[in-house]
Amino acid sequence: MPNKGLDAGGYIEREGSLGLIPSAFRPVVARARDRVLDVFGARLHSSYLYGSIPRGTARVGRSDLDLLLALREEPTEADRTDARSLDEALDKEFPQIDGAGTLLVGREQVLSDLERHDLGWFVACLCTPLLGEDLAEYLPRYQPDALLARETNGDLALFLPRWRERIAEADDSEDALRPLMRSMCRHLVRTGFTLVMPRWNGWTSDLTEMAEVFGTYYPERAAQLREAAVLGYEPRGEAAVLWSYVDDLGPWLAEEYARVHGIKKPRP
């Protein structure tokens with residue numbers, strides 16, 4: 001990545017486009033677009049794709065469909081129920097995806113000062129417009145600086161007790177542990193990467209590259225993050241590995257992150 005994901009001015013380039021969607025996933029996206037309109041109608045302000053499908057790196061039968069819907073008002077429980085039903089229907093209809101996940105947000109939340117360098121950045125840089133008015137038009141350009149690092153991943157310590165509860169409550173089956181492994185590993189790798197992002201001065205969403213970049217600054221922890229990157233793409237249901245993340249890698253990473261960048265502003 002010669003430009004490290006930045007434009008000539010040093011700002012993070014928006015990733016993904018509808019033109020990069022692999023042919024196998026185009027019917028999924030088309031159906032998702034129609035179903036979003038059917039389900040949310042006038043409540044919808046705009047919708048976006050994110051993740052491997054709009055980046056063109058999705059794998060048939062392995063990748064999930066990630067949607068972000070910005071509603072005109074704050075999402076309600078009824079909206080969340082509708083979103084879960086939408087996800088279940090898409091996952092059932094299309095074997096080429098390994099699940100679907102719809103993130104619901106309110107328009108004002110995306111554009112708020114509190115979310116400017118977290119959710120706002122996410123929409124402006126990591127989301128591909130699918131329907132409606134693009135909220136990125138109302139947001140600033142972003143550089144890979146310490147403020148962005150703090151506000152995107154400076155809250156890892158809050159996740160650790162939740163992860164411990166989920167591991168303890170899950171049975172030892174592959175079906176129960178694989179999704180948890182995937183989400184935890186991806187979160188840890190992205191946090192490790194954004195810890196060093198300002199020094200590296202660039203952006204990537206590739207987990208393997210994230211882990212390699214991290215390893216150049218923290219060689220003593222490099223092997224752990226490389227393993228997490230592998231498991232983020234090919235998760236296995238291994239409780240011992242999950243416990244090692246919440247007992248060792250996670251606490252160390254949260255403490256180092258707070259030391260280097262500080263703590264993310266509290267959210268309501």
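Residues numbered from 1 in each chain as written. Predicted model: local features only at pLDDT ≥ 70, side-chain atom pairs only at ≥ 80, totals over all residues. Heavy atoms only, no water.

### Some thoughts on the sheet that holds strand 3 (residues 100–106)
1) Next: Here four strands make up an open sheet; going across it, the order is 3-2-1-4 and the pairing mixed. In this open sheet, the two edge strands, each paired with only one partner strand, are strand 3 and strand 4 (127–132). Each neighbouring strand pair of the sheet contributes to a mean axis angle of 25 degrees, computed without reference to strand direction.
2) Next: Sheet topology note: the strand 1 (residues 44–50)/strand 2 (residues 65–71) ladder contains six bridges and is antiparallel. Paired with Tyr 50 across the two strands is Asp 66, which belongs to strand 2.
3) Next: Contacts from helix 1 (residues 26–40) reach strand 1, strand 2, strand 3 and strand 4 within the one sheet, and its direction differs from that of strand 2 by about 30 degrees.
4) Next: Lying on the sheet, helix 3 (residues 77–93) is in contact with strand 2 and strand 3; it crosses strand 3 at an angle near 155 degrees. (Pairing = 2+ DSSP bridges. Helix = DSSP H or I, 4+ residues; strand = E, 2+ residues; numbered from the N terminus. Axes fitted to C-alpha atoms, helices over the stretch in contact; angles between N-to-C directions. Contact = heavy atoms within 4.5 Å.)

### Quick notes on the nonpolar core
1) Next: Membership of the largest hydrophobic core comes to 59 residues, with the highest contact counts inside it found for Leu 68, Val 110, Trp 121, Met 184, Trp 203 and Tyr 245.
2) Next: Ranked by the residues each element gives to this core, the list is headed by helix 8 (residues 174–200), at 12 residues.
3) Next: Not counting residues within four places of it along the chain, the set of residues in contact with Tyr 245 comprises Met 181, Met 184, Cys 185, Leu 188, Gln 224, Glu 227, Ala 228, Leu 231, Gly 250 and Pro 251.
4) Next: Core analysis: the next-biggest nonpolar cluster, separate from the first, contains 23 residues, Ala 32, Val 36, Leu 86 and Phe 94 among them. (Core = buried A, V, L, I, M, F, W, Y, C linked by side-chain atoms within 4.5 Å. Buried < 20%, exposed > 50% of the residue type's maximum accessible area, 1.4 Å probe, protein only.)

### Re the pattern of salt bridges
1) Next: Here the structure, examined in full by the defined rule, presents 23 salt bridges.
2) Next: The partner of Arg 31 in a salt bridge is Glu 93, with the nearest N and O atoms 2.2 Å apart. Linking Arg 31 in helix 1 with Glu 93 in helix 3, this pair joins segments that are 62 residues apart in sequence.
3) Next: For Glu 93, a relative accessible area of 38% gives the class partly exposed.
4) Next: It is possible to trace a salt-bridge network through shared partners that takes in Glu 115, Asp 118, Arg 150, Glu 151, Asp 155, Lys 264 and Arg 267. (Salt bridge = Lys/Arg side-chain N within 4 Å of Asp/Glu carboxyl O.)

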